[in-house]
Amino acid sequence: QVQLVESGGGLVQSGGSLRLSCVASGSIFSIVNMGWYRQAPGKERELVAIFTSGGSTNYADSVKGRFTISRDNAKTTVYLQMNSLKPEDTAVYYCYADGSRLPSSWGQGTQVTVSS
């Protein structure tokens, strides 16, 4: 089991920046994939950015060039630096982790609201 706790959401104007953090605890050595999803009202949850096996990163096309995922050396904390935010980035952002012997784990979510 892995526990994920997000922080850093809030209200920002269009064009602004926010940085989200996610701290993992528990069976952290079983984590293979770790990153961020988001869910806007009335929409399905979608991948934003994620570290995958070997340290590769995947980004949604809609955030490429604006968002950057990073992590600390211990690989227990992942960050999402969000720049040039747009109203369409408004959503609840969820931290996600899984592994070969680890079921999918989700954080409680943090709200990001971008005003126009």
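Preceding this paragraph is the structure being described.
If you're wondering where the values come from, they're calculated on a predicted model, not measured in any experiment.

Any chance you could break down the nonpolar core for me, citing the residues and the numbers?
Ranked by internal contacts, the top residues of the largest apolar core, which has 29 residues, are Met34, Trp36, Leu80, Met82 and Tyr93. Leaving out residues up to four positions away in the same chain, Met34 has contacts with Leu4, Cys22, Ala24, Ile50, Phe51, Ile69, Lys75, Thr76, Val78, Cys95, Tyr96 and Ala97.

Could you give an account of the state of the cysteines, with specific residues and numbers?
Think of a disulfide as a covalent bridge from one cysteine sulfur atom to another cysteine sulfur atom. Summed over the entire model, instances satisfying the criterion amount to one disulfide. Cys22 shares a disulfide with Cys95; S-S distance 2.0 Å. Judged by the sign of its S-S torsion, about -85 degrees, the bond between Cys22 and Cys95 is left-handed. Residue Cys22 is found in strand E3 (residues 18–26), and its partner Cys95 is found in strand E9 (residues 91–99); the two are separated by 73 residues along the sequence. Residues Cys22 and Cys95 agree in their burial class; the two are buried.

Break down the pairing of strand E11 (residues 110–115) for me, with residues and values.
Of the two faces of E11, only one is covered, namely that formed by Thr110, Val112 and Val114; the face formed by Gln111, Thr113 and Ser115 stays uncovered. Taken together, the three bridges between E9 and E11 define a ladder with antiparallel strand orientation. By the bridge assignment, Ala91 is partnered in E11 with Val112.

The rules behind each value
- All residue numbers here refer to positions counted from 1 along the written sequence of the relevant chain.
- Predicted model: local features are reported for residues with pLDDT of at least 70 only, side-chain atom pairs are reported and counted for 80 or more only, and whole-chain, interface and lining totals are derived from all residues.
- Neither water nor hydrogens contribute to the side-chain values; these are computed over all heavy atoms in the structure.
- By convention a nonpolar core is built from buried Ala, Val, Leu, Ile, Met, Phe, Trp, Tyr and Cys residues, the set being connected through side-chain atoms within 4.5 Å.
- Buried residues are those whose accessible area, probed at 1.4 Å on protein chains only, stays under 20% of the maximum for their type, while exposed residues exceed 50% and partly exposed ones sit between those limits.
- Should any heavy atoms of two residues lie within 4.5 Å, those residues are considered in contact.
- Two cysteine sulfur atoms form a disulfide, by the criterion used here, when they sit within 2.5 Å.
- Under the scheme used here, helices are H or I runs from DSSP no shorter than 4 residues and strands are E runs no shorter than 2 residues, and both carry numbers assigned from the N terminus.
- Strands qualify as paired when DSSP identifies two bridges or more between them.

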